[in-house]
Amino acid sequence: FDNLLGLDPTTGATRWTVPHFRDYGTPSVVRVGGVAYVLTPDGRAVRAKDGVVVLSDLAPTWFNGVDVVGTDVYTAASIGREADKRFIATRTTLAAGGSQGLTATVRWQVTQEAYNRVYSTPIVHNGKLLVTDDNGWLYTFDIANGAASEPVRLPSAGKGHYASLQVSTAISSK
């Protein structure tokens, strides 16, 4: 609910400020054509070197962040008021070009009925976008076309799933 700051990694001094960073989610970084951009939860792409907002109409995530794989950006965000349990999952591809140096093409967007709201950041793993809701249901989408699989109930104690999913390659079956 404040400003997005670009900090000098050596001194910690503020290099630039983007006002009205209004959401709870965590920004992500993507490189497109050798240029780094910060993707904000409210749907903006900010050029990292100077803080210029180059896009402002990417899919918002509101309470979480985005997963970036190459130049593809994956989001999952609840919509409407708290009583509305639906969320929207989106795959967007970024490319160099356009008047500000970056373009966005939505590859697919799916509105999904859910058991509760989405607060965790989605992740891509093995060709699938994985999303969890607050009640511990796992939703899976094919990253090629957005096709949804049936939700699966995760073993849990119930409501309160805010943490983002993680995949570890360090876990062994031995």
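Before reading on, note that the structure itself is shown above.
What this report covers is the structure whose coordinates are included nearby. (Residues numbered from 1 in each chain as written. Predicted model: local features only at pLDDT ≥ 70, side-chain atom pairs only at ≥ 80, totals over all residues. Heavy atoms only, no water.)

Turning our eyes to something else, we now look at the sheet that holds strand β14 (residues 152-153). Strand pairing in a sheet relies on backbone hydrogen bonds, with the paired strands running either antiparallel or parallel. A sheet is described by the order of its strands in space; here 4 strands give the open sequence β11-β12-β13-β14, paired in antiparallel fashion. Both outer strands of the open sheet, β11 (123-125) and β14, are each paired with one neighbouring strand and no more. Note that strand β13 (residues 137-142) and β14 share 2 bridges and pair antiparallel. In the strand pairing of β14, W137 is matched with R153. (Pairing = 2+ DSSP bridges. Helix = DSSP H or I, 4+ residues; strand = E, 2+ residues; numbered from the N terminus.)

Looking now at the sheet that holds strand β3 (residues 28-32). Ordered in space as β3-β4-β5-β6, the 4 strands form an open sheet in which the pairing is antiparallel. Whereas interior strands pair on both sides, the edge strands pair on one side only; in this sheet they are β3 and β6 (53-55). For this sheet, the mean angle separating the axes of adjacent strands, direction not counted, is 40°. With 2 bridges connecting them, strand β5 (residues 45-47) and β6 associate as antiparallel partners. Counted as the bridge partner of A45 is L55 from β6. (Axes fitted to C-alpha atoms, helices over the stretch in contact; angles between N-to-C directions.)

Here we come to the nonpolar core. Across soluble globular proteins, nonpolar side chains have a tendency to be buried as a group. F87, A89, W108, L129, V131, Y139 and F141 are the most contacted members of the largest nonpolar core, which totals 14 residues. For this core, the secondary structure elements donating two or more residues are β8 (72-78), β9 (87-96), β10 (102-112), β12 (128-132) and β13. For this core, the element with the most residues is β13, which contributes 3 residues. Dropping the residues within four chain positions of it, W108 is found in contact with Y74, A89, T90, R91, L129, F141, D142, I143, A144, N145 and G146. Ranked by size, the runner-up nonpolar core spans 12 residues in total, among them Y37, L39, V66 and L102. (Core = buried A, V, L, I, M, F, W, Y, C linked by side-chain atoms within 4.5 Å. Buried < 20%, exposed > 50% of the residue type's maximum accessible area, 1.4 Å probe, protein only. Contact = heavy atoms within 4.5 Å.)

Quick look at the environment of L55 now. On the secondary structure map, L55 appears in strand β6. Discounting residues that sit within four places of it in the chain, L55 has contacts with G43, R44, A45, L94, L102, T103 and A104.

Summarising burial for strand β4 (residues 35-39): 4 of the 5 residues are buried, a large majority. Where β3 and β4 come together, 5 bridges link them in antiparallel fashion. If you follow R31 over to β4, its bridge partner there is A36. If you look at the hairpin formed by β3 and β4, you'll find 2 residues sitting between the two strands, and G33 has a positive phi there, around 60°. By the bridge criterion, 3 bridges tie β4 to β5 in an arrangement that is antiparallel. The partner of L39 across the bridge, within β5, is A45. The hairpin turn running from β4 into β5, its antiparallel successor, is 5 residues long, and G43 in that turn takes a positive phi close to 90°.

Honestly, it's all geometry; don't read function into it.
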